[in-house]
Amino acid sequence: MTRQPLIAGNWKMNKTLPESVAFTRDVVTALAAHPITVDVVVAPTLLAVHAVAQAAEGTPIQVAGQNVHPSESGAFTGEVSAPMLKAAGCNYGIIGHSERRQMFGDTDEFVQQKLRALLNHSLKPIVCLGETLEEREKNQTKERVSSQLSIACQNLTAEEAARVTVAYEPIWAIGTGLTASPEQAQEIHALLRQQLVESFGKNVANTMRILYGGSVKPSNIESLIQQPDIDGALIGGASLKVDLFTDIILTAQQFNEQS
Ligand code: PEP
């Protein structure tokens, strides 16, 4: 079963609005000579989402929100809703990022509500999960990621699940320069895939993408994406530099052409 790779850049709280638009244009220019068949997504700050979506119109780049609130509107100071992201030009939403979980108190249940909100507004969720270093050292990785996945995907129909992308991001590998080895990552991806098979059936589970995230860069993307259950990457640091981000995209593109 071939799944179209997805390369997603999470810019976090980086780049002003003009910088975000200029970066998008530079990536489009760098990719212009190549027919791009992998999916490319960028997640700018909320202030830049609309302008980036406009700059990316008609190009291979799609736009994601970095976060979403489960409610459609209301007294939630500082938050943004799924219909707002949609109207601003997003087609994806990142939820459950470890920074949201660790710094802003997002629980597994809250992530599940956010996932539901995205689906209800025809946005494709990229749901992040992963273990801490302490959990890995205590041999609790499988239990942790499995429970995060099952809560996030609770009550989904198979049709809804098919629109979900999972991102396995070991927290100890995010922004640290440490990467899970391709084999370590594949082991967890295979476990997540099996869980998706049990929940939604083989046909649906085999179409769902599972991304790896954690210090992905041009030098390691090839060995990661060659793994049978790694379907792309969610990238922080390396998505902020045009040459690094486009190198990663073009390597995934090459892999896609060969497979
Ligand atoms: C991330 O924050 O999701 C991430 C994977 O960051 P980095 O690529 O910088 O490790």
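For the structure itself, consult the block above.
Summary of the structure given here. Remember, predicted model here, so these are calculated numbers, not experimental data.

**Some details on unusual backbone geometry**
Next, step 1: Backbone geometry places Ser122, a non-glycine residue, at a positive phi of 55 degrees.
Next, step 2: Considering the arrangement of structural elements, one finds Ser122 in the loop between helix H5 (108-120) and strand S5 (124-129).
Next, step 3: Residue Ser215 is not a glycine yet carries a positive backbone phi of 55 degrees.
Next, step 4: Within the secondary structure layout, Ser215 lies in the loop between strand S7 (210-213) and helix H11 (218-225).
Next, step 5: The class of Ser215 is buried, set by a relative accessible area of 17%.

**Details of the packing of helix H1 (residues 17-31) against helix H12 (residues 242-258)**
Next, step 1: Between H1 and H12, the least distance of the axes is 10 Å, while the angle of their chain directions is 45 degrees. It follows from the interaxial angle that H1 and H12 lie oblique. In this structure, the crossing between H1 and H12 has a hand that is right-handed. Together, Phe23, Asp26, Val27, Ala30 and Leu31 of H1 and Val242, Phe245, Thr246, Ile249 and Leu250 of H12 make up the contact between the two elements.

**Focus on the pairing of S5**
For a regular strand, side chains alternate in direction, first toward one face of the sheet and then toward the other.
Next, step 1: With five of its six residues buried, S5 lies for the most part within the structure.
Next, step 2: Relative to S5, strand S4 (residues 92-95) runs parallel, the two being bridged by four bridges. Paired with Ile95 across the bridge in S5 is Val127.
Next, step 3: Bridge analysis of S5 against strand S6 (residues 165-168) gives four bridges, and the strand direction is parallel. Opposite Val127, over in S6, you have Val166 as the bridge partner.

**A closer look at the sheet that holds strand S1 (residues 6-10)**
To summarise the sheet geometry, strands pair through backbone hydrogen bonds and adopt either a parallel or an antiparallel arrangement.
Next, step 1: On the basis of which strands lie adjacent, the closed barrel formed by eight strands has the order S1-S2-S3-S4-S5-S6-S7-S8 and parallel pairing. Across the sheet, the axes of successive neighbouring strands diverge by a mean angle of 25 degrees, strand direction being ignored.
Next, step 2: Sheet topology places strand S3 (residues 61-65) next to S4; two bridges connect them, and they run parallel. Paired with Gly65 across the two strands is Gly93, which belongs to S4.

**Quick word on the side chain of Gln186**
Next, step 1: The residue Gln186 is located in helix H9 (residues 182-200) in this model.
Next, step 2: Beyond its immediate sequence surroundings of up to four residues, Gln186 is in contact with Gln227, Pro228, Asp229 and Ile230.

**Quick look at the site of the ligand**
Next, step 1: Lining the immediate surroundings of the ligand are 13 residues, of which Lys12, Glu169, Gly175, Ser215 and Gly237 lie closest.
Next, step 2: Lys12 places a side-chain nitrogen or oxygen 2.4 Å from an oxygen atom of the ligand.
Next, step 3: Within the contact set of the ligand, an oxygen atom lies 2.8 Å away from a backbone nitrogen or oxygen of Gly237.
Next, step 4: The residue inventory of the shell around the ligand, partitioned by class, reads four nonpolar, seven polar and two charged.

**Re helix H2 (residues 46-56)**
Next, step 1: Looking at H2, one finds that the buried residues are Ala48, Val49, Ala51, Val52, Ala53, Ala55 and Ala56.
Next, step 2: For H2, the elements touching its buried residues are H1, strand S2 (39-43) and S3.
Next, step 3: Gly58 occupies a position one or two residues after H2 and carries a positive phi of about 80 degrees.

**Focus on the side chain of Ser215**
Next, step 1: Among the polar contacts listed, one links the side chain of Ser215 to the backbone nitrogen of Gly177, at a separation of 2.9 Å.
Next, step 2: Leave out the neighbours within four places in its chain, and Ser215 touches Ala173, Gly175, Thr176, Gly177, Leu178, Thr179 and Asn220.

**What about the pairing of S1?**
Next, step 1: With respect to burial, S1 is a largely interior element, five of its five residues being buried.
Next, step 2: Judged by which residues are buried, S1 turns out to be covered on both faces: Leu6, Ala8 and Asn10 on one side and Ile7 and Gly9 on the other are all buried.
Next, step 3: By the bridge criterion, five bridges tie S1 to S2 in an arrangement that is parallel. Paired with Ile7 across the strands is Val40, a residue of S2.
Next, step 4: Read as a crossover between parallel neighbours, the route from S1 over H1 to S2 is right-handed.
Next, step 5: Two elements, S1 and strand S8 (residues 232-235), share four bridges in a ladder whose sense is parallel.

Definitions and cut-offs
- Residues numbered from 1 in each chain as written.
- Predicted model: local features only at pLDDT ≥ 70, side-chain atom pairs only at ≥ 80, totals over all residues.
- Heavy atoms only, no water.
- Helix = DSSP H or I, 4+ residues; strand = E, 2+ residues; numbered from the N terminus.
- Buried < 20%, exposed > 50% of the residue type's maximum accessible area, 1.4 Å probe, protein only.
- Axes fitted to C-alpha atoms, helices over the stretch in contact; angles between N-to-C directions.
- Parallel < 35°, antiparallel > 145°, perpendicular 65-115°, else oblique.
- Left-handed = near helix turned anticlockwise from the far one by under 90°.
- Contact = heavy atoms within 4.5 Å.
- Pairing = 2+ DSSP bridges.
- Near = heavy atom within 4 Å.
- Polar contact = N/O pair within 3.5 Å; in protein donor to acceptor, adjacent residues only side chain to side chain.
- Nonpolar A, V, L, I, M, F, W, Y, C, P; charged D, E, K, R; others polar.
- Right-handed = clockwise from strand over helix to strand, strands pointing away.

Any functional reading would require information beyond the geometric quantities listed.
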